[in-house]
Amino acid sequence: MAKYNTLLYYCYSTIADAEQYATDHLKFCKNLGLTGRIIVAEEGLNGTVSGTAESCKTYMDTLHADPRFAGIDFKIDEVDEPSFIKMHVRYKSEIVHSGLRDPNIINPQLQTGKHLDPKDFLAMKDDEDVVILDVRSNYEHNLGRFKNAITLDIDNFRDFPEKINELAQYKDKKILTYCTGGIKCEKASALLLHEGFKDVYQLHGGIIKYGKEAGGEDFEGKCYVFDNRLSVDVNHVNPVVISTCFNCGKTTHKMINCANPECNEHFTQCDECGDKMEGCCSAACKAHPRKREYDGTGYYVKVPQPVNTTKKINRHEFHE
């Protein structure tokens, strides 16, 4: 029996004292022995925390007792070991970086797409007048996505607003948005409505809840998660692997971070290439003097580093 839980959650709810709340919340989490990452902003909370089942229950009960967070829908995974090494609680301007910071224009507390429970999403997703829209980043939907979903070429959710015009052809369709846990859809669906899309929905609880309550049917591949697991299984009905090794092109579901901390690119890599490239995405990263030791997992404790956003790597190239 698993000894630990990992909780994924978010809540759009005004926190007037957000910066102080972040400081106090970090102490609270550490006192419970939790590990994880939580973002606190004036607009709410966004977190993934891990710890013993008892500590996680205390955490959930405490948040639910606060009127601001009474409606939080926690997604609970049983895990064999904590999904993080440290506990971080950070105050930021948004709980998911979108650039949509004006609450007079986009405010998930006032308007979003219609929430669909997983079973309703399953029943509706194949209708002729429906378009399924993935609002996640490239590395996420390359690892796994719904069958026939529309994906966008974005490296970060903050790029989503720039892609709205590419969706204009679907304005007369029902738009079903989805993401990992639901948080990105709150702002994505609100923006679609703001831009004139009339019939917008979102998968309540995201891919994770869909896997638990609808068996994950027709979600192809794995779901990227933001902890040391890096990816989780979703589909228990008709699973397939759709991702390929960044270096050799062989089918693989293994997602890692590049061992070069100044790159830290998210990519899929088979075990054979992982051993050969020492967990790096390119020969240049493999030769980097600050390369981290690769232990086969491709997960590293985050240390802030400048990321080389101009680097472009061609698939199948080792440059050796």
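You'll find the structure just up there.
Residues numbered from 1 in each chain as written. Predicted model: local features only at pLDDT ≥ 70, side-chain atom pairs only at ≥ 80, totals over all residues. Heavy atoms only, no water.

Novice: Would you mind going over the overall build of the protein chain in detail, with residue names and values included?
Specialist: Secondary structure summary: the protein chain contains eight helices and 15 strands in total. In terms of C-alpha radius of gyration, the protein chain reaches 20 Å, essentially the compact-globule figure of 20 Å for 320 residues. Viewed in the frame of its principal axes, the protein chain has a C-alpha envelope of about 55 × 50 × 40 Å. With 320 residues in all, the protein chain has 52% of them scored as buried. (Helix = DSSP H or I, 4+ residues; strand = E, 2+ residues; numbered from the N terminus. Rg over C-alpha atoms; globule rule 2.2 N^0.38 Å. Buried < 20%, exposed > 50% of the residue type's maximum accessible area, 1.4 Å probe, protein only.)

Novice: Could you give an account of the side chain of Asn 247, with specific residues and numbers?
Specialist: With respect to the helices, strands and loops of the structure, Asn 247 is situated in the loop between β13 (231-232) and β14 (255-257). Under the relative-accessibility criterion, Asn 247 is labelled buried at 1%. A polar contact of 2.8 Å, which involves the side chain of Asn 247, links it to the side chain of Gln 269. From its side chain, Asn 247 meets the backbone oxygen of Cys 281 in a polar contact 3.1 Å long. (Polar contact = N/O pair within 3.5 Å; in protein donor to acceptor, adjacent residues only side chain to side chain.)

Novice: Could you give an account of the packing of aromatic side chains, with specific residues and numbers?
Specialist: Scanning the entire structure with this criterion turns up 15 aromatic pairs. Relative to Tyr 210, the ring of Phe 121 has its centre 5.8 Å away and its plane inclined at 75 degrees; by these criteria the two rings are edge-to-face. Here Phe 121 is found in helix α3 (residues 118-124), whereas its partner Tyr 210 is found in helix α6 (residues 206-214), with 89 residues between them in sequence. For the pair formed by Phe 121 and Tyr 210, the shared burial category is buried. Centroid distance Tyr 224 to Phe 226: 5.0 Å. Interplanar angle 80 degrees. Geometry classified as edge-to-face. An aromatic cluster of at least three residues, connected via ring pairs, comprises Phe 121, Phe 146, Tyr 178, Tyr 210 and Phe 219. Positioned above the aromatic ring of Tyr 201 is the side chain of Lys 114, whose terminal nitrogen or guanidinium carbon lies 4.7 Å from the ring centre. Its end group placed over the ring of Phe 197, Lys 171 keeps NZ or CZ at 5.3 Å from the ring centre. (Phe/Tyr/Trp six-rings, centres within 6.5 Å; stacked < 30°, edge-to-face > 60°. Lys NZ or Arg CZ within 6 Å of the ring centre and 35° of its normal.)

Novice: Talk me through the pattern of salt bridges; I want residue IDs and the actual numbers.
Specialist: Taken as a whole and judged by the stated rule, the model has 22 salt bridges. The partner of Lys 125 in a salt bridge is Asp 126, and the shortest N-O contact between them spans 3.1 Å. You can call Lys 125 buried: its relative accessible area is 4%. Residue Lys 209 is joined to Glu 213 by a salt bridge in which the shortest nitrogen-to-oxygen separation is 2.9 Å. Highlighted residues: Lys 209 and Glu 213, both in helix α6, separated by four residues, approximately one helical turn. Here Lys 209 falls in the buried class, since its relative accessible area comes to 12%. By relative accessible area, which is 38% here, Glu 213 ends up partly exposed. Counted as one network, the salt bridges with shared partners bring together Asp 77, Lys 212, Asp 227 and Arg 229. (Salt bridge = Lys/Arg side-chain N within 4 Å of Asp/Glu carboxyl O.)

Novice: Describe the pairing of strand β10 (residues 200-203), listing the residues and the values that go with them.
Specialist: Regular strands show a simple pattern: their side chains alternate between the two faces of the sheet. Where burial is concerned, the two faces of β10 agree: the one with Val 200 and Gln 202 and the one with Tyr 201 and Leu 203 are both buried. Bridge analysis of strand β6 (residues 114-116) against β10 gives three bridges, and the strand direction is parallel. Bridge pairing links His 115 to Gln 202 in β10. The pairing of strand β9 (residues 174-178) with β10 spans three bridges and is classified as parallel. By the bridge assignment, Leu 176 is partnered in β10 with Tyr 201. Handedness of the crossover is the feature at issue here: the chain leaves β9, passes through helix α5 (residues 183-194), returns alongside β10, and the resulting connection is right-handed. (Pairing = 2+ DSSP bridges. Right-handed = clockwise from strand over helix to strand, strands pointing away.)

Novice: Before we move on, could you go through the environment of Gly 144 and cite the residues and values that matter?
Specialist: Its location among the elements puts Gly 144 in strand β8 (residues 144-146). Residue Gly 144 is classed as buried on the basis of its relative accessible area, which comes to 0%. Considering only alpha carbons, one finds Gly 144 and Asp 233, 89 residues apart in sequence, at a separation of 9.7 Å. Non-local contacts of Gly 144, meaning those with residues more than four positions away in its chain, are made with Asp 134, Arg 136, Phe 219, Glu 220, Gly 221, Lys 222 and Ile 242. (Contact = heavy atoms within 4.5 Å.)

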